[in-house]
Amino acid sequence: MNEVDAPVRDAPGPAGPGGPGPGDLRTLLDEGTRAVVDRGDLRTGRDRFERAFRVAESAGEDRAMAVAALGFGGLWVHEHRTVAGSVLLESRIRRALETLDPRSSLALRLRIRLAGEGDYRNRDTTAVLELLEQARAGQNPMARAEALSLAHHCLIGPEHGALRRELAAELVAESFRTARRSDLLMGLLWQTVDMFLDGDPHAERCLSELRGLLAEQDHLAVGFVVSAMEVMLAVRAGRLDEAETLARACTERGIAAGDVNATVWQAAQLVTIRWYQGRVVELVPLLSEVVNSPTLSAVDDHALAALAVAAVTAGDRRKAVSALATLCGRDLGDLPRSSSWMVTMHGVAEAAFLLDDTATAARVHELLSPYAHLPIVGSLAVACFGSAHHALGVAALTLGDVDRAVAHLRDAVRQNLALGHWPAVTASWERLAVALVRAGRPDEADAVRREMAVAAGSAGATPGTDGASGPRERDQDRPGRDRPAQDERDRRGQDHDRSNGGRKSPDRGDLAPKDRHGRNRNGRDSGGMDEGGPEQEGQAQDGQEPDGQEQSPASCTRLGRKWRVGFGGRSVLVDHSVGMLHLVVLIANPRQEIRAVDLVAGLTALDGAAECSVPSGQRALDRVAMREYRGRLARLRVELDEFQAAGDPDRAAVAQAEHDWLVGQLASATGLAGRARRFPDGGERSRVAVSKAVRRALDRIAAADPVIGEHLRHAVHTGVRCSYWPA
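Computed from a predicted structure; not experimentally measured.

**Q** Describe the nonpolar core, listing the residues and the values that go with them.
**A** Judged by nonpolar contacts, the single largest core of 203 residues is most densely connected at W76, L189, W190, V565, M580, I701 and L712. In terms of residue count, the dominant contributor to this core is helix α11 (residues 220-236) (twelve residues). Apart from residues lying up to four places away in sequence, M580 is in contact with C556, W563, V565, V574, D575, A697 and I701.

What follows is the structure, given as structure tokens:
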């Protein structure tokens, strides 16, 4: 070892009166090294190396300053995510390099770190690979080990699988020369990551070996990645509730390690879980924040793709189109091939399908085709969306190339079965059935559905969905996309409830009763509109049907800042208000009791009315209510498809209004991890607030149209539980 690479020792230096002495500097460097190398405690390591750099700089200890700058970089590439943080790291490395002999191993290690940081951001591995060759030619095993690990991290992209495996194996061998346990752990970790990224069936064997080493002596940073892999495996197995619990524990472990990815990975894990639960609509607020988070890697675009899918699912087409346009830029091919690139392409394919964007779908198919044999795995194997053939099949469906879609989706089912990714298997089966119907092969589609039913029956209900439709619900989020499949199944007289995986829902879950014509009772009456006040159509007076039959219930339709309230052929426009929002929910769910606290909780999220936030000691929504709300959302999406396909914008608007309210209700009632929120006691305050707000709304309606007002006064009941009971 060169003299300049020897450990820092006590030596006289210009510490200054009362300043830290050389012993203090050595202590800081030793503590920083033990924290990162031995324990994987990145937070403590950064703190000690930060303090050591400042002490060494003020004391004129050039070599100690260089060691501190190197340690400040951490274990991974790109630990310093903010602009200020990354600039500070690079400036310190350059400052240290100015003071060192360029032939020293320490200078080489600093250049390797500098090249790794730059190449990772620029997605150009030229510099770090050149320095790896220099390290191989040198005599310092630590320089070689660090070069191997950092180069491997820079190569996390779908095109570098073979080279990464070589580097990981070489790092394991080098760890026996460095005698640093962290090098062995990193080598085994990179091997495990590579095997998951390649879809290697023996990946979990390597993971088991890594678990065994961590059981002997923990390493926070490596253990955090292993815990993230455990979340991914739970999702693959369909244990979605368990995966969510594991994700929370994983986040806590990441925070304890001081890993910048702790909250970023939590969001990615939650997206995966909600995706297969059919609940991505709930993630719009979270994803809107994540896409602008300074802790998100500069080369990570997956959150923007997920936001596009969640937004269009929630009915916000403008936000979805904007997110997709931002991703595509001048060319979708310009996106960096980072560790999240395949997940991003998966999201883009889904968003293009939902938005009927054939140009983007064609580009996704072109870019992703060379990697069709790979699973879509994000980052260091922390999330998995199954076979890339699924995204390719979705893109082909968007393009109308149904034969190619069928081929891709059959391959997706086969590969997902090999991965043991049961939610992805189900998702690919569903899309395969759709593709087969569109290809004019309904018998084969029926066979696929039977196979799905057998698999579902043998496995029982999909775990972790809390009674929701699970991964199948995602297919309801495609406005108007699957009408051929729906029509074919209806024509063949099969039971078909898309919100319950092909099984009929129990009657108690039907929150939208049908009238005698089989229409939803929250459907809007037909007729013209007079914005000046009540409207008479001549076909019904005073709330009576023209033939004396039972009258239809009232209806509410949002028109800008007004609501159109209709009843018995009459209609009137009233201004938007808090009370009108409550009425809309009650009228959309006739003969259903809804608690006042639930009305106010949903309003807080939907309308942003801070004065209506509810203090209550109970959950905003209990599990039964949330299950029924999610089931109702699933049915509303089907109804929206039907109304749009039938050219009935009025009834579609009514369904959309209820859909938006339910989305707000669920968003307000669940936190980041999907747990029900609570607020302090105040059921009585909720009752009073809702009653007053509804009474004011009824007064305004009665002033504009006494007939409609009189009907609603008799039919709407407020209190601790509220309801609308038409005659």
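**Q** Outline helix α13 (residues 262-277), listing residues and values.
**A** For α13, with 16 residues, the first-to-last C-alpha span of 23 Å sits near the 22 Å given by 1.5 Å per residue. Positive backbone phi, approximately 75 degrees, marks G278, located one or two places after α13.

**Q** Could you give an account of the pattern of salt bridges, with specific residues and numbers?
**A** On inspection of all chains with the given rule, the structure shows 38 salt bridges. For R570, the salt bridge goes to D705, with nearest N and O atoms at 3.1 Å. With a gap of 135 residues between them, R570 in strand β5 (residues 570-575) and D705 in the loop between α28 (683-704) and α29 (706-715) connect regions that are remote in the sequence. Neither R570 nor D705 differs from the other in exposure class; each is buried. Counted as one network, the salt bridges with shared partners bring together E31, D47, R48 and R51.

**Q** Could you give an account of the side chain of S387, naming the residues involved and the relevant values?
**A** Examined against the element boundaries, S387 turns out to sit in strand β2 (residues 383-387). S387 has contacts with A372, L374, P375, I376, A412, Q415, N416 and L419, leaving out every residue within four places of it along the chain.

**Q** Break down the environment of R404 for me, citing the residues and quoting the values.
**A** With respect to the helices and strands, the residue R404 is situated in helix α20 (residues 402-419). Sequence separation between R404 and G393 is eleven residues; the distance between their C-alpha atoms is 7.1 Å. Residues within four places of R404 in sequence aside, it is in contact with H365 and A396.

**Q** Report on the sheet that holds strand β6 (residues 594-595), specifying residues and quantitative values.
**A** With antiparallel pairing, the three strands of this open sheet are ordered in space as β6-β8-β7. The open sheet has two edge strands with one neighbour each: β6 and β7 (716-717). Relative to the sheet, helix α24 (residues 578-588) contacts β6, β7 and β8 (721-724), its axis offset from that of β8 by approximately 65 degrees.

**Q** Please provide a residue-by-residue account of a positive patch on the surface, values included.
**A** On the surface, K692, R695, R696 and R700 cluster together into a patch of positive charge. Within the secondary structure, R700 sits in helix α28. Taking the relative accessible area as the measure of exposure, R700 reaches 37% and is therefore partly exposed.

**Q** Lay out the packing of aromatic side chains with the relevant residues and their values.
**A** This structure, assessed with the given rule, holds five aromatic pairs. Note on W76 and W190: the rings are 5.8 Å apart at their centroids and 85 degrees apart in plane angle, and the pair reads as edge-to-face. Here W76, found in the loop between α3 (62-72) and α4 (83-97), pairs with W190, found in helix α9 (residues 181-198); they are 114 residues apart in sequence, far enough to count as distant. Summarising the burial analysis for this pair, W76 and W190 share the class buried. For the ring pair W341 and Y371, a centre distance of 5.6 Å and an interplane angle of 85 degrees mean the geometry is edge-to-face. Here W341, found in helix α17 (residues 341-355), pairs with Y371, found in the loop between α18 (358-368) and β1 (375-378); they are 30 residues apart in sequence, far enough to count as distant. The burial state of W341 is the same as that of Y371; both residues are buried. In textbook terms, an aromatic cluster arises when at least three aromatic residues are bridged by ring pairs, as seen for W275, Y276 and F385. Cation over ring: R123 sits above Y120, and NZ or CZ is 5.2 Å from the ring centre. Sitting over the face of the ring of W341, R337 holds its NZ or CZ atom 4.4 Å from the ring centroid.

**Q** Give a detailed account of the pairing of β2, specifying residues and quantitative values.
**A** Within β2, five of the five residues are buried, leaving the element largely enclosed by the surrounding structure. Relative to β2, β1 runs antiparallel, the two being bridged by three bridges. Looking across to β2, one finds that V377 is bridged to C384. The turn linking β1 back onto β2 is made up of four residues, and S379 within it adopts a positive phi angle of 55 degrees.

Rules and cut-offs
- Residues numbered from 1 in each chain as written.
- Predicted model: local features only at pLDDT ≥ 70, side-chain atom pairs only at ≥ 80, totals over all residues.
- Heavy atoms only, no water.
- Core = buried A, V, L, I, M, F, W, Y, C linked by side-chain atoms within 4.5 Å.
- Buried < 20%, exposed > 50% of the residue type's maximum accessible area, 1.4 Å probe, protein only.
- Helix = DSSP H or I, 4+ residues; strand = E, 2+ residues; numbered from the N terminus.
- Contact = heavy atoms within 4.5 Å.
- Expected span 1.5 Å × (residues − 1).
- Salt bridge = Lys/Arg side-chain N within 4 Å of Asp/Glu carboxyl O.
- Pairing = 2+ DSSP bridges.
- Axes fitted to C-alpha atoms, helices over the stretch in contact; angles between N-to-C directions.
- Patch = residues over 30% accessible without salt bridge, like charges linked within 9 Å, V, L, I, M, F, W, Y side chains within 5 Å.
- Areas by Shrake-Rupley, 256 points an atom, 1.4 Å probe, with all protein chains shown as cover.
- Lys, Arg positive; Asp, Glu negative; His and termini not counted.
- Charge placed at Lys NZ, Arg CZ, Asp CG, Glu CD.
- Phe/Tyr/Trp six-rings, centres within 6.5 Å; stacked < 30°, edge-to-face > 60°.
- Lys NZ or Arg CZ within 6 Å of the ring centre and 35° of its normal.

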